[in-house]
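# Summary of structural features
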Amino acid sequence: MIPVWDCTLGTLVACLDTTLRWIGGAPTYVLTDNAKTVTVEHIAGIPVRHPQMVAAGRHYGCQVVSCVPYDPESKGGAEATVRIAKADLVPTEANLLPAYDTFAELANACLIWCDTVNSRRHRATGQIPADRLDIERTTLHVLPLEPLALALGEERVVGSDRTVSFNSVRYSTPPGYTGARVWCRVVGDELSITARTSSGDLSEIWRHQLSTPGIPQIIDAHYPDHPDGRSVHQPRLRPRSEAEVAFVGIGPGAGRWLKEAGPAGASRIRAKTAHAVELAAVLGSDRVDQALGLAAAAGRFAENDLVSILEHIAASKPVGQVVRADEAHSVQNGTIAWQALGRQQTATGESRAD
């Protein structure tokens, strides 16, 4: 018993795939009603099958058979299933069932119902269906490893922004699937996205809550290279001249210093990088690289800041906590020396303001 929102061909094949995998094999045939997704038309009483349903039966190794109208054995069997579902699962005044708050609650109720009816002894056969299935499973056809593509849903291609469009809504996908083909299928009130993984297997890579146009479903975790979902790319170091290559070659601290000094609007950057290269030749690249990294972390890009940090390191003093100069930690001189400005000492030693 699988609840669905629609009876489209893709949904029908998806339910068929799920059912067969629950059972653990494919029987000789599967019986269904005469829906247009199964039987296109009847000619002289002979049903004409939908070509894609024929392909589905061929894929799973079983024949799709539709009910014969007014036949109690076939038509009555299919309608009895619907009648049982209405009696046990659909909220009505007769069965006193409350309304389901979410589609997931309905799906869970169907699972519980299936376990209940398949675990109790059948009135006609006197056997428990779950036990009987263990015996019949040995005669079922082996299922293919992968489901029919139609059961996966509608095909989409992941764009450069790592999203797919489904019913005019953008849904994000995990990294690594840009340009890849994926399949989108509605499962209850969620959108299931399936793709072929790096191992070559088809697997569900994400599930989104269904949304409406104008409200995209974007997960920040799908963009680890864009902090907080921002699409601003960090510039990459691409040294071209010999001087740039020499400075970047000092170490990773030099690269951090350049990435921080540029956006901070530091002056005379070329002269300071040349000076750093000279210091690295004398003092060693490791020490200068450490000093440049500390300068970048503290936001110190003044003329003599690098030399000051090198002297601090040379004195074997602990670096301590790096504090960036801002409104909370200013390097501006205090105003305590101004408190006597405009005051004159009186003869009694008291001060008064002019």
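Everything here concerns the structure above.
Now for a quick tour of the structure.

Counting through the fold element by element, His-222 comes out in the loop between strand E10 (202–209) and helix H7 (242–248). The exposure class assigned to His-222 is buried, which follows from its relative accessible area of 2%. When near neighbours in sequence (up to four residues on either side) are disregarded, His-222 contacts Arg-162, Ser-172, Thr-173, Pro-174, Pro-175, Trp-206 and His-208.

Quick look at the nonpolar core now. Grouped together as the largest cluster of nonpolar side chains are 19 residues, with contacts concentrated most on Phe-247, Ile-250, Trp-257, Ala-276, Val-288, Leu-292 and Leu-306. Elements with a contribution of two residues or more to this core: helix H8 (252–261), helix H9 (269–283), helix H10 (285–298) and helix H11 (305–314). A total of six residues in this core trace back to one element, the largest contributor, which is H10. The contact partners of Phe-247, leaving out residues within four places of it in the chain, are Ala-254, Trp-257, Leu-258, Thr-273, Ala-276, Val-277 and Leu-292. Within the second largest apolar cluster, 16 residues are counted, among which are Leu-9, Leu-20, Val-64 and Leu-143.

This part covers the pairing of E10. Pairing between strand E9 (residues 190–196) and E10: seven bridges, direction antiparallel. Note on E10: the bridge partner recorded for Glu-190 is Gln-209. Remark: five residues form the turn of the hairpin made by E9 and E10, two consecutive strands paired antiparallel; Gly-200 in that turn has positive phi of roughly 95 degrees.

This brings us to the environment of Arg-49. By the element assignment, Arg-49 lies in strand E3 (residues 46–49). A residue is classified by how much of its surface remains accessible, and Arg-49, at 22% relative accessible area, is partly exposed. For the pair Arg-49 and Lys-36, spaced 13 residues apart in the sequence, the C-alpha separation amounts to 8.9 Å. For Arg-49, the contacting residues outside a window of four places in its chain are Val-38, Thr-39, Val-40, Val-54, Val-64, Val-65 and Ser-66. Side-chain polar atoms of Arg-49 contact the backbone oxygen of Val-64, separated by 3.0 Å. A distance of 3.0 Å separates the side chain of Arg-49 from the side chain of Ser-66, its partner in a polar contact.

The rules behind these values
- Residues numbered from 1 in each chain as written.
- Predicted model: local features only at pLDDT ≥ 70, side-chain atom pairs only at ≥ 80, totals over all residues.
- Heavy atoms only, no water.
- Helix = DSSP H or I, 4+ residues; strand = E, 2+ residues; numbered from the N terminus.
- Buried < 20%, exposed > 50% of the residue type's maximum accessible area, 1.4 Å probe, protein only.
- Contact = heavy atoms within 4.5 Å.
- Core = buried A, V, L, I, M, F, W, Y, C linked by side-chain atoms within 4.5 Å.
- Pairing = 2+ DSSP bridges.
- Polar contact = N/O pair within 3.5 Å; in protein donor to acceptor, adjacent residues only side chain to side chain.

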